[in-house]
Amino acid sequence: MSSTTTIFDCKLLDFPKNHQLNGNLTSITNGKEVPFDIKRIYYLYDVPGGNSRGGHAHKDLDQIMVALSGSFTVTIDDGNNKQSFHLFQPYQGLLIPPGLWRDLDTFSSGSICMVLASELYDEADYFRDYEEFLKYKLL
Ligand code: TYD
């Protein structure tokens, strides 16, 4: 029930890191490190300095955000509490279950935010109005 999720349902996942002198490699496998089937991958890049993204919540979508390059901050809001995660390691992912408002900002120059998603893109799955989101969370 995504109306009852809280910031405490978000967690940082550590992906396997194959460390070699000639570079590192990280793999992410369905059913192993990721607690859902990945149906879609998208990424944010070329975000102009000082700009923010997000500003919405999802009804049924699970996501994992990874700072493939550079860094940015993801602030999660369940209507009662907020928590900010500064992502900067390409071998870590922030698991965001449905029913949580997210804002992304402080993108470093050249940063890339890759998102693994459990569902196909569906605008009907979004809450883009914060008051509507609070009503859904019964707040
Ligand atoms: P949005 O999810 O609001 O981006 P962000 O969370 O980064 O601010 O999407 C921005 C636009 O891109 C919106 O018009 C919908 C479109 N879009 C797609 O066409 N496919 C997708 O998979 C996603 C995530 C967005």
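The structure this text deals with has already been given above.
Residues numbered from 1 in each chain as written. Predicted model: local features only at pLDDT ≥ 70, side-chain atom pairs only at ≥ 80, totals over all residues. Heavy atoms only, no water.

Trainee: It is not clear to me how the environment of F107 should be interpreted in this structure. Could you clarify?
Mentor: Structurally, F107 can be placed in the loop between strand 10 (101-105) and strand 11 (112-117). Considering only alpha carbons, one finds F107 and G70, 37 residues apart in sequence, at a separation of 7.7 Å. Beyond its immediate chain neighbours, meaning those up to four positions away, F107 contacts L44, V47, N51, R53, S71, F72 and C113. (Helix = DSSP H or I, 4+ residues; strand = E, 2+ residues; numbered from the N terminus. Contact = heavy atoms within 4.5 Å.)

Trainee: Looking at this model, I keep getting lost on the site of the ligand. Mind explaining?
Mentor: Contacts to the ligand come from R40, Y42, L44, R53, G54, H56, Y121, Y126 and R128. Taking R128, its side chain carries an N or O atom lying 2.9 Å from an oxygen atom of the ligand. Considering the ligand on its own, with 530 Å² of exposed area, one finds that the protein chains cover 63% of that surface. Where the shell around the ligand is concerned, the elements lending two or more residues are strand 4 (40-44) and strand 5 (53-58). In terms of residue class, the shell around the ligand is built from four nonpolar, two polar and three charged. (Near = heavy atom within 4 Å. Polar contact = N/O pair within 3.5 Å; in protein donor to acceptor, adjacent residues only side chain to side chain. Areas by Shrake-Rupley, 256 points an atom, 1.4 Å probe, with all protein chains shown as cover. Nonpolar A, V, L, I, M, F, W, Y, C, P; charged D, E, K, R; others polar.)

Trainee: Hey, could you run me through the pattern of salt bridges in this one?
Mentor: Under the criterion given, the structure shown has two salt bridges. One salt bridge in this structure joins E119 and K39, with 3.1 Å as the shortest N-O distance. Of this pair, E119 sits in the loop between strand 11 and strand 12 (126-127) while K39 sits in the loop between strand 3 (23-26) and strand 4, placing them 80 residues apart in sequence. R128 is the partner of E123 in a salt bridge, and the nearest nitrogen-oxygen pair spans 2.7 Å. Overall, R128 belongs to the partly exposed group, its relative accessible area being 46%. (Salt bridge = Lys/Arg side-chain N within 4 Å of Asp/Glu carboxyl O. Buried < 20%, exposed > 50% of the residue type's maximum accessible area, 1.4 Å probe, protein only.)

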